[in-house]
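Chain and residue survey
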Amino acid sequence: AARGVDVNDLVKTLVVRRGPDDYVFVLVPGVGTFSWPKLRAWLGVSRISMPDAETAQAVTGYVRGTITPLGATTAWPVIADASIQGRRISIGGGAPGVGITLDADALL
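Below is a short write-up of the structure. Please read all numbers here as calculations on a predicted model, not as lab measurements.

Things to note about the overall build of the protein chain
Helix and strand counts for the protein chain stand at two helices and five strands. The linear arrangement of helices and strands in the protein chain, starting from the amino end, is β-β-α-α-β-β-β. The globule rule puts the C-alpha radius of gyration for 108 residues at 13 Å, and the 13 Å found for the protein chain is close to it. Dimensions of the protein chain along its principal axes, counting C-alpha atoms only, are 40 × 25 × 20 Å. For the protein chain, buried positions account for 35% of its 108 residues. Nonlocal contacts in the protein chain, meaning residues at least 24 apart in sequence, comprise 48% of its contacts between residues at least 6 apart. Surface accessibility of the protein chain: about 6,200 Å² in total, with carbon and sulfur atoms responsible for 53%.

Next up, the structure:
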């Protein structure tokens, strides 16, 4: 509300580990979550996990809660919930209290 953005247009950027030193960014809208089995199938792997805060910062350059796929230390692939396509969204901007509003299709 403080940013004038509907909760469904706020998109969380999660970091998911799919193998040794191999991560992806997963964009999830609003208060939603992702399906672990569907994401494993999409990635073609049998196991995925979320790194702890220290590892997430090491592989992205961002503190948890500020992670964005834009400008990360490594350009990991971005996987997004299909519901954000064609929408104007707001994502974390890499620092506490910073958000970026953009067309979701620019990230895909």
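What follows picks up the thread again.
Let's talk about the side chain of T60
Relative to the elements of secondary structure, T60 occurs in helix α2 (residues 53-60). Within polar-contact distance, the side chain of T60 engages the backbone nitrogen of Y62 at 3.0 Å. Setting aside chain neighbours within four positions, we find T60 in contact with V15, F25, I67, A72 and T73.

A few points about the sheet that holds strand β5 (residues 99-103)
Strands sit in the order β3-β2-β1-β4-β5 across an open sheet of five strands; the sheet is mixed. For this open sheet the edge positions go to β3 (78-80) and β5, each flanked by a neighbour on one side alone. Across the sheet, the mean angle separating the axes of adjacent strands is 35° when strand polarity is ignored. Where strand β1 (residues 10-19) lies against strand β2 (residues 22-29), eight bridges are found, and the strand directions are antiparallel. If you follow R17 over to β2, its bridge partner there is Y23.

Points about the side chain of S90
Along the polypeptide, S90 turns up in strand β4 (residues 88-92). Beyond its immediate sequence surroundings of up to four residues, S90 is in contact with R3, V5, D9, L10, V11, I100 and T101.

Quick look at α2
Looking only at α2, the buried set comprises A56, V59 and T60. For α2, the arc enclosing every buried residue in end-on projection is 90°, short of the 170-degree limit, so these residues lie on one face. Every exposed residue of α2 that faces more than 90 degrees away from the buried side is listed here: E54 and A58. The secondary structure elements touched by the buried residues of α2 are β1 and β2. N-cap assignment for α2: the residue whose side-chain oxygen lies 3.3 Å from the backbone N of E54 is D52.

The rules behind the values
- Residues numbered from 1 in each chain as written.
- Predicted model: local features only at pLDDT ≥ 70, side-chain atom pairs only at ≥ 80, totals over all residues.
- Heavy atoms only, no water.
- Helix = DSSP H or I, 4+ residues; strand = E, 2+ residues; numbered from the N terminus.
- Rg over C-alpha atoms; globule rule 2.2 N^0.38 Å.
- Buried < 20%, exposed > 50% of the residue type's maximum accessible area, 1.4 Å probe, protein only.
- Contact = heavy atoms within 4.5 Å.
- Areas by Shrake-Rupley, 256 points an atom, 1.4 Å probe, with all protein chains shown as cover.
- Polar contact = N/O pair within 3.5 Å; in protein donor to acceptor, adjacent residues only side chain to side chain.
- Pairing = 2+ DSSP bridges.
- Axes fitted to C-alpha atoms, helices over the stretch in contact; angles between N-to-C directions.
- Arc of directions from axis to C-beta.

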